[in-house]
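Listed below, chain by chain, are the residues.
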Amino acid sequence: MPPISPPDDTVIAVDSHVHFHDASDPAALLDSTLAAIRRHLGHRPLTAALLLTEPAARPTFATLRELTARQLPTAATPSWRFDTTGEAISLRARNHAGDTIYLIAGQQLVTIENLEVLALCTLPDIPDGLELQVTVRRVRQAGGLPLLPWGVGKWLGRRGRVVSDFLAGSHEGPVLVGDNGGRPAFWLSVPQFRQAIARGIRILRGSDPLRCSFRRRGAGSFGNLIACRLDPSRPGLSLAQALTAADTRIQPFGGLESPWHFCRDQIALRLS
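My aim in this report is to walk through the structure given alongside it, one point at a time. On a predicted model such as this, the values are computed, not experimentally measured, just so you know. For every chain, the first residue of the written sequence is number 1, and numbering continues from 1 onward in sequence order. Local features in a predicted model are, by the rule used here, given only for residues with pLDDT of at least 70; side-chain atom pairs are given and counted only at 80 or more, and totals for whole chains, interfaces and linings are based on all residues. The side-chain figures draw on all heavy atoms in the structure; neither hydrogens nor water molecules are used.

### A few points about the environment of Gly 255
Line of reasoning, step 1. Looking at the element boundaries, Gly 255 is found in the loop between β12 (249-253) and α7 (259-271).
Line of reasoning, step 2. Separated by 34 residues in sequence, Gly 255 and Ser 221 have C-alpha atoms that sit 7.9 Å apart.
Line of reasoning, step 3. Contacts between residues were defined by any pair of non-hydrogen atoms, one from each residue, lying within 4.5 Å. Sequence-distant contacts of Gly 255, defined by excluding residues within four places in its chain, comprise His 40, Gly 181, Ser 221 and Phe 222. Runs of H or I in DSSP of at least four residues are treated as helices and runs of E of at least two as strands, each being numbered from the N terminus.

### Things to note about the nonpolar core
Line of reasoning, step 1. Residues Leu 30, Leu 50, Trp 80, Leu 103, Leu 120 and Leu 239 are the most contacted members of the largest nonpolar core, which totals 46 residues.
Line of reasoning, step 2. Ranked by the residues each element gives to this core, the list is headed by helix α1 (residues 26-41), at six residues.
Line of reasoning, step 3. Residues in contact with Leu 50, not counting those within four places in the same chain, are Asp 15, Val 18, Leu 29, Leu 30, Thr 33, Ile 101, Tyr 102, Leu 103, Ile 104 and Ala 219.
Line of reasoning, step 4. Only buried residues count toward a nonpolar core. Its members are Ala, Val, Leu, Ile, Met, Phe, Trp, Tyr and Cys residues joined through side-chain atoms within 4.5 Å. Buried residues are those whose accessible area, probed at 1.4 Å on protein chains only, stays under 20% of the maximum for their type, while exposed residues exceed 50% and partly exposed ones sit between those limits. Counting 22 residues, the second largest nonpolar core, distinct from the first, contains Leu 115, Val 163, Leu 167 and Val 177.

### Topic: the packing of aromatic side chains
Line of reasoning, step 1. In summary, the pairing rule links any two rings of Phe, Tyr or Trp, Trp by its six-membered ring, whose centres are within 6.5 Å, and it sorts them by plane angle into stacked for under 30 degrees, edge-to-face for over 60 and tilted for everything else. In total, this model carries two aromatic pairs according to the counting rule given.
Line of reasoning, step 2. Where Trp 150 meets Trp 187, the ring centres are 5.1 Å apart and the plane angle is 85°; that geometry is what we call edge-to-face. With Trp 150 in the loop between β8 (145-149) and α4 (157-168) and Trp 187 in the loop between β9 (176-180) and α5 (191-198), this residue pair connects regions lying 37 residues apart in the sequence. Each member of the pair, Trp 150 as well as Trp 187, carries the same accessibility label: buried.
Line of reasoning, step 3. An angle of 75° between the planes, with centres 5.7 Å apart, marks the rings of Trp 155 and Phe 193 as edge-to-face. A residue pair is termed long-range when its members are at least 10 positions apart, and Trp 155 in the loop between β8 and α4 and Phe 193 in helix α5 qualify at 38 residues. With respect to class, Trp 155 is no different from Phe 193; both count as buried.

### A short note on the sheet that holds strand β6 (residues 106-110)
Line of reasoning, step 1. Two strands pair if DSSP finds at least two bridges between them. Within the open sheet, the five strands sit side by side as β6-β7-β8-β9-β10. Their pairing is mixed. This sheet does not close on itself; its edge strands, each paired only once, are β6 and β10 (203-206). Here the average twist between neighbouring strands, direction ignored, is 30°.
Line of reasoning, step 2. Bridging between strand β7 (residues 116-120) and β8 involves three bridges; their strand directions are antiparallel. In this analysis, axes come from line fits to C-alpha atoms, helices being fitted only over the stretch in contact, and the angle between any two N-to-C directions falls in the range 0 to 180 degrees.

Function cannot be inferred from these measures alone, as they are strictly geometric.
Here it is, written out as C-alpha cells:
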C-alpha cells in the first residue's frame, strides 16, 4: 500500500494503551477522554486517537464497527456520531463542537514468559502463550506495530531480563516500548526505558485505564502529541507510518500516578 501523503501536518493526541471496559456506552468513554485531554491541552477543538488494546476474548472494536456500519442506536448518541473510514482498522467519532476521536483497532497479548505485547493499528488473530520473539514477529506479519508496555512488577527479575535481552538484540522490523499512566511518581528508574532510548527505540505513552481507576485515570489522561500527516480516510495507517518514522515529532502529556492512588489501585486489583 502506498504511503500516506496528505498536504498538512495534524497534531493528534494519542493514547496508545486503551481498554474499553463498557462497550454498551461508548459516548461515556469519549466524553471522559475529551475531558482528560482538555485538562492538558485546553479547550480548542482537537483531534485524538485511542489505540484499543483489548484481549481476544473482548472484541470491542469489532462490536463497535458492526454497530456503526448498521447505525444501531448504541453507535449514534446525542453527543457523538460514529462513522466508518476507508480502512478496516479504524472508526471516527465526531461531536457537535468539532472534536474528532479516532478509535484504532489492536490486541493485547500475553506471552509464555507472562509479558504483555500490544499489537497496535491492526486486526490480528494471534493466540496468547507464544514466546516473546514469536509474538512480536506475528504482530508484524499481521501488519501491526508491536509495543512492549511497562507494567507493575513485569519488568523486574527474570521477566525484566527477558525484556532487556529482547531490546538488546537485533530487530527485523519496528518495535515500540510503552510507558504507563499507572506507574507511580516514585518509580522513576526503569532501566529498560534508558536502554530503549540508547537503542533509538521510541517510547509511547498510554493510560492503561483500570476498572477501579476509570473515573480518575481514564483514556486520554496519559499520552503523546504526535505531529503527522493524517489521512482522515486511513488514520490507523497514517499513525502507524508516523510512529515508525524517525523524524516524527512527539511530545508527552499527562502525569504519573500518585503513591496513594497507586497503592489503592493495587489493593483493589487483588481483591477484585
